[in-house]
Amino acid sequence: MTAPGLPMAVPAGDLPTRVRIHEVGARDGLQNEKATVPTEVKAEFIRRLADAGLTTIEATSFVHPKWVPQLADAEQLFPQVADLPVALPVLVPNERGLDRALALGASRVAVFASATESFAKANLNRTVDEALAMFEPVVTRAKADGVHVRGYLSMCFGDPWEGPVPIPQVVRVCRALTDMGCDELSLGDTIGVATPGHVVALLAALDEAGIPPSALGVHFHDTYGQALANTLAALQQGVTTVDASAGGLGGCPYAKSATGNLATEDLVWMLRGLGIDTGIDLGRLVATSTWMAARLGRPSPSRTVRALSHEDTEEH
Ligand code: HMG
Ligand code: MG
């Protein structure tokens, strides 16, 4: 295997020395595939991601199987990867989902709220406040069991039905998730409309409301090619957790115009260039996404995967 190229490391000052990548390809990526990926392929994907050095790999969702049929095999998949020496968070929308996850020994769960009424209805069949009420016992029970809880918030910047989302509306739901006991929040730009100034303004408003960048992850979809710029803006404000999806897989079945997440390879390339440690083997990661693209029957949209895969098209 030819070692892939790497950028020259030139630190840019005032940036974190380490960034934790929260890999969402197996969940956010595969939930949006038209064809359901076989369970064994998902398990192999997650194993390869772990082998490439990812330490937090969102594995699946314990949601209603009719709402997201692509992840209906959560019970079959989770035990196949549970022994990996990595964190394997799973999505749970309600107590039924939590029961299913706990029965398999999950130690990290994520609830997922919306900043807008339209998406709360489309994604959870609830108003924003009804969804928060649904999460409350999930978070309380999970915390009592020593389970780590992430609180996602979707539509933090724009919503396909409602347009731009006012910052105070986002802050209110973030506050509610924090008060409920979530250990960390992830700010979702579900449809990829954020730009760096907007990111900085939201982070400042959250900081003012008592939620500092250190308690936040960022979750950028790359619809308009802004995900990397938005990530850099967030890092400059002190965020150290970044969600990304291997090969840029992804989207959301309940939000039109959601495309793939920031590609993990593009993120790792930039972080390596900035001299920020991620512990990830970029060559192995590119090989994993190339392998997965072959399973899905189309090339990865990640620029870094495309640039490097000609140096390593080997499927192993
Ligand atoms: P509902 O239809 O209102 O469900 O859906 P319900 O509470 O009325 O229950 C109806 C039936 O479903 C009951 O069964 C429940 O037991 C069953 P019955 O009594 O009729 O036989 N049920 C379940 N079964 C299995 N597992 C469960 C479960 N819950 C209820 N967990 C619900 C409400 C929340 C369940 C549904 O709307 C749902 O599953 N939504 C999930 C949608 C989803 O997964 N979207 C994608 C993830 S979010 C995302 O991608 C955004 C993110 O990436 C960040 C970003 O980019 O912004 C995170
Ligand atoms: Mg998402």
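That block above? That's the structure.
Residues numbered from 1 in each chain as written. Chains lettered and ligands numbered in written order. Predicted model: local features only at pLDDT ≥ 70, side-chain atom pairs only at ≥ 80, totals over all residues. Heavy atoms only, no water.

Looking at the site of ligand 1
Thinking step 1. Around ligand 1, the structure places 27 residues, and the nearest of them are His 64, Asn 94, Arg 126, Ser 154 and Thr 190.
Thinking step 2. With respect to ligand 1, the side chain of Arg 100 contributes an N or O atom lying 2.8 Å from a nitrogen atom.
Thinking step 3. Contacts to ligand 1 include Asn 123, whose side-chain N or O atom sits 2.8 Å from a nitrogen atom.
Thinking step 4. If ligand 1 stood free it would expose 1,100 Å²; the protein chains cover 75% of that surface. (Near = heavy atom within 4 Å. Polar contact = N/O pair within 3.5 Å; in protein donor to acceptor, adjacent residues only side chain to side chain. Areas by Shrake-Rupley, 256 points an atom, 1.4 Å probe, with all protein chains shown as cover.)

So, the nonpolar core
Thinking step 1. If you look at the biggest cluster of nonpolar residues, it comprises 99 residues, and the most contacted ones within it are Phe 135 and Leu 177.
Thinking step 2. Examining the composition of this core, we find that eight residues originate from one element, helix H6 (residues 128–144), more than from any other.
Thinking step 3. Discounting residues that sit within four places of it in the chain, Leu 177 has contacts with Val 111, Ala 113, Leu 132, Phe 135, Gly 151, Tyr 152, Leu 153, Cys 182 and Leu 185. (Core = buried A, V, L, I, M, F, W, Y, C linked by side-chain atoms within 4.5 Å. Buried < 20%, exposed > 50% of the residue type's maximum accessible area, 1.4 Å probe, protein only. Helix = DSSP H or I, 4+ residues; strand = E, 2+ residues; numbered from the N terminus. Contact = heavy atoms within 4.5 Å.)

Quick look at helix H11 (residues 282–296)
Thinking step 1. Its 15 residues place the ends of H11 21 Å apart at the C-alpha level, agreeing with the 21 Å of an ideal helix rising 1.5 Å per residue.
Thinking step 2. Counting buried positions along H11 yields 12 of 15 residues, so the element is predominantly enclosed.
Thinking step 3. Of the positions making up H11, those classed as buried are Leu 282, Gly 283, Leu 285, Val 286, Ala 287, Thr 288, Ser 289, Thr 290, Trp 291, Met 292, Ala 293 and Leu 296.
Thinking step 4. Buried residues along H11 sit in contact with helix H2 (39–51), helix H10 (264–273) and helix H12 (303–309).
Thinking step 5. Its side-chain oxygen 3.1 Å from the backbone nitrogen of Gly 283, Asp 281 forms the N-cap of H11.
Thinking step 6. One or two positions beyond H11, positive phi appears at Gly 297, with a value near 80°. (Expected span 1.5 Å × (residues − 1).)

A closer look at the packing of aromatic side chains
Thinking step 1. On inspection of all chains with the given rule, the structure shows two aromatic pairs.
Thinking step 2. Judged by centre distance (6.4 Å) and plane angle (65°), the ring pair of Phe 62 and Phe 78 falls under edge-to-face. Taken as a pair, Phe 62 in the loop between strand E3 (60–61) and helix H3 (74–81) and Phe 78 in helix H3 lie far apart in primary sequence, 16 residues in all. Side by side, Phe 62 and Phe 78 carry an identical accessibility label, which is buried.
Thinking step 3. Look at Phe 157 and Phe 220: their rings are 6.3 Å apart centre to centre, the planes differ by 45°, and that puts the pair in the tilted class. Note that Phe 157 is positioned in the loop between strand E6 (148–154) and strand E7 (158–159) and Phe 220 in strand E10 (residues 216–220), a separation of 63 residues in sequence. Here Phe 157 and Phe 220 have matching classes, each one buried.
Thinking step 4. The ring of Tyr 152 has Arg 27 sitting right over it, with the charged end atom 5.5 Å from the ring centre.
Thinking step 5. Arg 150 extends its terminal NZ or CZ atom over the ring of Tyr 152, reaching a point 5.0 Å from the ring centre. (Phe/Tyr/Trp six-rings, centres within 6.5 Å; stacked < 30°, edge-to-face > 60°. Lys NZ or Arg CZ within 6 Å of the ring centre and 35° of its normal.)

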